[in-house]
Each structure stands twice: as C-alpha cells, then as structure tokens.
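Structural description and commentary
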Amino acid sequence: MTYTLIIDEQQTNRVILPATLQAAGQTAAAFGSLVTPCRVISSPRLVDRVIVTHDVARCLSIPFAADVHVFLTDETVHFGPLVGILTAGFTKSLHRPVGSRSFFFAKLLAQEKQVGGFAFLFGAPHIDWENGMTNGYFYTERGWERHTVPLPNVVYNRLPNRRVEKEETFQTMTKTLQTTYGIPIFNGCFFNKWDIYRRLALHPKAQPYLPATSAHVTQHTIEQFLARYREAYIKPADGSLGRGIYHVVKKNAYECRFRDESGEIQTVLFPTAMAVWHHLLAHAPLHRYVIQQAVPLLAVNGRPIDFRVHVNKNEHGIWQVSAIAAKIAGKQSITTHMNSGGIVKTLEEMFPDAAEREIMLARLSDAALTLSRCLDEAFETLIGEIGFDLGVDQQGRIWMFEANSKPGRSIFKHPKLKDADERTARLPLAYAVHLSKTAITEPEALWSC
C-alpha cells in the first residue's frame, strides 16, 4: 500500500503515521541512506496519508511530496523507496539530460506515480561521496528537474553499453555502493552469450531450449556444425542488435552471408570450411565469437519469425511475463532485428485463431519463466529483468537464441503494444520496491530474493 506524504510547514520534529501502521517506539525517520531522529506518533485521523514536518523533510532531503511506501523497523520509519537508475552519457541540457535516450528514461520514471516512491536518473559524476548524497535527475509534471538526495535504497543498472560498464570508474562505484553502503543493484552487468549458454547447459530444465553452441570457432567446429545441421550462425559473444553475425550454409559450396559496414547483405561462396574460417579470421576476432546451430523456424512468406519475450520480477520478487511480440525477418535479412528490416507483429496478428494463440502464448511464457528461474539459480547477482529471443521450429519446439539483461523496448512501439510497453517500464520500479523493503526489513534474506 502507498501513502500520500504530506510535508507540514507548521509543526516541527515529527512524523505522524496512520494508526494502521502501528508505530511502536520508533525514534527516527529515514529516506534513502539518510536517517534523522524525530518524534514518531500515530493518528487515527490519518488513513492513506503520512505527515512529515518540514524540518525532518529538510534533514532527509526529501525533494517534494509524493506517494510513498512506508517500511517500519524497530527504531526507524523508512519512507520511499528512493530508486536510483544508473546510466551514462549525460549532456549539459536539462531538457534532454541523456540525449536521445531521455524520452526512454522519462517514460520509465513516469511510472513511479503508479508504483509509489521516488525514482531518479544518475551517473558516476553525480555522487558526492564525502557527504553521501546524489544530485539526480527527476522527471516530474514540469519536466526534468535536478534535486540533491541521499544515496538510494536500490540501484537499477541501465548503463548503455559494455565499454562503459567495464570502465574502472563504474566498476569501483558499483562495488562501493554494494559493499560499503549495502545498496542492492539489479541487472548489474550485460550478459555474455557463451557464459549464459554454459550456465544454462548445466540446468536440466533449461537444456531442452538450448541450440547446440560452441565457443571455439575453428575450421573443425565449422565443419562439425555444418555436417550435422547444414546451417549455423557465427556471432559475437558480447554482441547486440544483430551486429557482426555470419550465417553459414553448406550446399554444393559453403555459403556465407553477412551484413557489411554499409548495411548491405553480402553473400560469399567458399569451396571449403577452411576457406570460410580464414575469411572470418580476417574480419572477426573469432576468440570472441560463438557458433550456434541454425533452427528451421516458422516463417511467413519465406521470412523466419522469432519472438521477443520480456520478463520482469514484480513487487513480490516473482517472475512474470510482461510483454510478447513477434519479429518477422526483413527480406534477405540474416536476423529478425528491426535495424535489419524486421517487422514487429502482435500475437493477435500472427495467430488470428484464439485457441492457437492461447496455446502459443502459454508455451512461450512457460519457456521464458523456466529460463528466468534457471538463470536466477545460476547467478549470484540480482536479476530483475530479461529480454529473451525465442524461436519456434517447424515441429513446434521452442528454442532460446538470446537472453539480454539490458533489453531495449523499441520493439514495443507497435501501437497495439502500448500497455505492454508501460508494463515493462513499471515492473522494474515495482521490483525495486520489493528489493528496498527486503534490504530494510530483512537484509539477511536479500540474496535469496
């Protein structure tokens, strides 16, 4: 339940709670990492409101009145949560603080009204370590505003790319937030394709969804994969958006298709697997690549289809499917990515028959939730959101091609996916509420969330 936080300009040194919250001996109030002593009392006249006097609000650096959650410990009343969304690439413009990504984050932060609490955008330069404060970007009805607030209760990592993630500044910052301040961070790193495959391959429930994959791209593995499957994809282990992918098919010769630097699809024929390997070795750092069997997918007019299934943990810390969309590959495209000419369709558009659609929805959802739980067990870090690329072959079997810990949402710009788009933005904040409550009231249980 959320409560409307009122800042009282008349009284001093008080926090007044509804009687239903059963305040019992608390002597302090907290917001994010700040705590201040005050008098805590209950009032039967309050039902869905909490009152914080202006001096207490100032000591806690509460930026403005809002709907909040209230968490009680033996000594302290905690208001919030205060959720920090970590990113990089800030500009000097308050209107577009992270350039073209500002609209994405504005939509995300706007969901705090539905969830309750305070959410803000920040980067490494915005932390004042000496005073334990953050000068963050809030998105309000008036647009973007900057407010200085305490370090947050929880951090949602939305760093834009692997290069930034690997910088020493961000590595040190996230380690300090977690170890020194005990702040949970979820989706802390980008997934690596081979690491994901290796971990899931050890889990019996995940194994049926995994296409054959190898991290050793050699002449021998190319020959092996093409002898067994006739088609294979060779792709960067740390790649995204379909970049750097090679599609290799064994026919009379070895056919290799790829997108060149200008975005055009090129097809090159080679007489042997050795020739393919030498060609790839000249263009791609193969020690950073994986080779994966190609699966004969369901298709529309000869164009393969796969499905983006977005999953999130909710306010109870339980995985749920938040959005599903179909992706149809562009003409002559290697993949279904939108930047390669892919087209987005809803399940209703793909499966007009309601019974067939419900079966497909249930099977895709079950696969994504099973894989999410398996990844949760395989990682020691906190994961609250995953974007899966799942395929269905011509026999109806479901395969997992990708799992993304920083999934984009451009696919949900489809006008009929508006509700799903909002849900994928709302649920990370809902999960942040769950993590915050756990960190405050049951810190020993945090890593079993």
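Residues numbered from 1 in each chain as written. Predicted model: local features only at pLDDT ≥ 70, side-chain atom pairs only at ≥ 80, totals over all residues. Heavy atoms only, no water.

1. Looking at the sheet that holds strand β16 (residues 213-214)
One open sheet holds the six strands; their spatial order is β16-β21-β17-β18-β19-β20, and the pairing between them is antiparallel. Whereas interior strands pair on both sides, the edge strands pair on one side only; in this sheet they are β16 and β20 (265-270). Here strand β19 (residues 254-259) runs beside β20; their pairing, made up of six bridges, is antiparallel. Within β20, the position partnered with Arg 257 by the bridge is Thr 267. Taken strand by strand, helix α7 (residues 219-229) contacts β16, β17 (231-236), β18 (246-250), β19 and β21 (289-293), and its axis lies near 15° from that of β21. Docked against the sheet, helix α8 (residues 273-283) engages β17, β18, β19 and β20, running at close to 20° with respect to β19. (Pairing = 2+ DSSP bridges. Helix = DSSP H or I, 4+ residues; strand = E, 2+ residues; numbered from the N terminus. Contact = heavy atoms within 4.5 Å. Axes fitted to C-alpha atoms, helices over the stretch in contact; angles between N-to-C directions.)

2. Remarks on the sheet that holds strand β2 (residues 14-18)
In any sheet, the strands associate via hydrogen bonds between backbone groups, in a parallel or an antiparallel arrangement. As summarised here, the arrangement of the eight strands in space is β4-β3-β8-β7-β1-β6-β2-β5, forming an open sheet in which the pairing is mixed. Strands with a single pairing partner mark the edges of an open sheet, and in this sheet they are β4 (34-37) and β5 (39-43). Taking the axes of each pair of neighbouring strands and ignoring which way they run, one obtains an average angle of 30° across the sheet. Here β2 runs beside β5; their pairing, made up of five bridges, is parallel. Bridged to Ile 16 within β5 is Ile 41. Running over the sheet, helix α11 (residues 418-441) touches β7 (67-72) and β8 (76-80) and is turned about 25° from β7.

3. Details of the pairing of strand β27 (residues 398-404)
The element β27 is extensively covered by neighbouring structure, given that six of its seven residues are classed as buried. In terms of strand pairing, strand β26 (residues 385-392) meets β27 through six bridges, oriented antiparallel. Paired with Val 392 across the two strands is Ile 398, which belongs to β27. Where β26 hands over to β27, the hairpin turn is made up of five residues, of which Gly 396 adopts a positive phi near 95°. (Buried < 20%, exposed > 50% of the residue type's maximum accessible area, 1.4 Å probe, protein only.)

4. Details of the nonpolar core
In this structure, Val 15, Leu 17, Val 50, Val 70, Phe 79, Phe 118 and Phe 170 are the most contacted members of the largest nonpolar core, which totals 40 residues. The residues contacting Phe 79, other than those within four sequence positions of it, are Leu 5, Val 15, Leu 17, Ala 29, Ala 30, Phe 31, Gly 32, Val 50, Val 52, Val 68, His 69 and Val 70. Ala 206, Phe 307, Met 350 and Ala 403 belong to the second-largest nonpolar core, a separate cluster that totals 35 residues. (Core = buried A, V, L, I, M, F, W, Y, C linked by side-chain atoms within 4.5 Å.)

5. Some words on the side chain of His 414
Mapped onto the elements, His 414 comes out in the loop between β27 and α11. Other than its neighbours up to four places away in sequence, His 414 contacts Val 344, Lys 345, Thr 346 and Glu 349.

6. Some details on the state of the cysteines
Counted according to the given criterion, the structure contains zero disulfides. With no disulfide of its own, Cys 59 lies 9.3 Å from the sulfur of Cys 38, the closest cysteine sulfur. Classification of Cys 59 by relative accessible area gives partly exposed; the value is 46%. (Disulfide = S-S within 2.5 Å.)

7. Quick notes on the packing of helix α6 (residues 193-201) against helix α10 (residues 354-378)
Running from N to C, α6 and α10 cross one another at 95°; their axes reach a closest spacing of 10 Å. Accordingly, the angle class assigned to the pair α6 and α10 is roughly perpendicular. Taken together, the residues of α10 that come into contact with α6 (itself represented by Ile 196, Arg 199 and Leu 200) are Leu 371, Cys 374, Leu 375 and Ala 378. In terms of residue class, the contact of α6 with α10 is made up of six nonpolar, no polar and one charged. (Parallel < 35°, antiparallel > 145°, perpendicular 65-115°, else oblique. Nonpolar A, V, L, I, M, F, W, Y, C, P; charged D, E, K, R; others polar.)

8. Topic: unusual backbone geometry
The peptide bond linking Gly 80 to Pro 81 adopts the cis configuration, its omega dihedral lying at 0°. Tracing the sequence through the fold places Pro 81 in the loop between β8 and β9 (82-86). Although it is not a glycine, Ser 61 sits at a positive phi angle of roughly 60°. Looking at where Ser 61 falls in the secondary structure, it is placed in the loop between α1 (54-60) and β7. We classify Ser 61 as buried; its relative accessible area is 18%. With phi around 55°, Asn 187 is a residue other than glycine that occupies positive phi space. With respect to the helices, strands and loops of the structure, Asn 187 is situated in the loop between β15 (185-186) and α6.

9. Describing the pattern of salt bridges
Throughout the structure, instances matching the rule amount to 17 salt bridges. When the shortest N-O distance is used, the salt bridge between Arg 308 and Asp 389 registers 2.9 Å. In this pair, Arg 308 is assigned in strand β23 (residues 303-313) and Asp 389 in strand β26, connecting sequence segments 81 residues apart. Across the pair, exposure class does not vary: Arg 308 and Asp 389 are buried alike. Residues Arg 409 and Glu 385 are paired through a salt bridge, measuring 2.3 Å at the closest nitrogen-oxygen approach. With Arg 409 in the loop between β27 and α11 and Glu 385 in strand β26, this pair connects stretches of sequence that are 24 residues apart. Under the relative-accessibility criterion, Arg 409 is labelled buried at 8%. Given a relative accessible area of 0%, Glu 385 falls into the buried group. (Salt bridge = Lys/Arg side-chain N within 4 Å of Asp/Glu carboxyl O.)

10. Structural notes on the packing of aromatic side chains
This structure, assessed with the given rule, holds 17 aromatic pairs. An angle of 20° between the planes, with centres 5.3 Å apart, marks the rings of Phe 90 and Tyr 137 as stacked. Of this pair, Phe 90 sits in the loop between β9 and α2 (102-110) while Tyr 137 is found in strand β12 (residues 133-140), placing the two residues 47 residues apart along the sequence. For Tyr 137, a relative accessible area of 4% corresponds to the buried category. Here the aromatic cluster, defined as three or more aromatic residues joined through ring pairs, consists of Phe 31, Phe 64, Phe 118, Phe 120, Phe 122 and Phe 138. Here the guanidinium or amino end of Arg 199 rests over the ring plane of Phe 379, the centre of that ring lying 4.0 Å away. (Phe/Tyr/Trp six-rings, centres within 6.5 Å; stacked < 30°, edge-to-face > 60°. Lys NZ or Arg CZ within 6 Å of the ring centre and 35° of its normal.)

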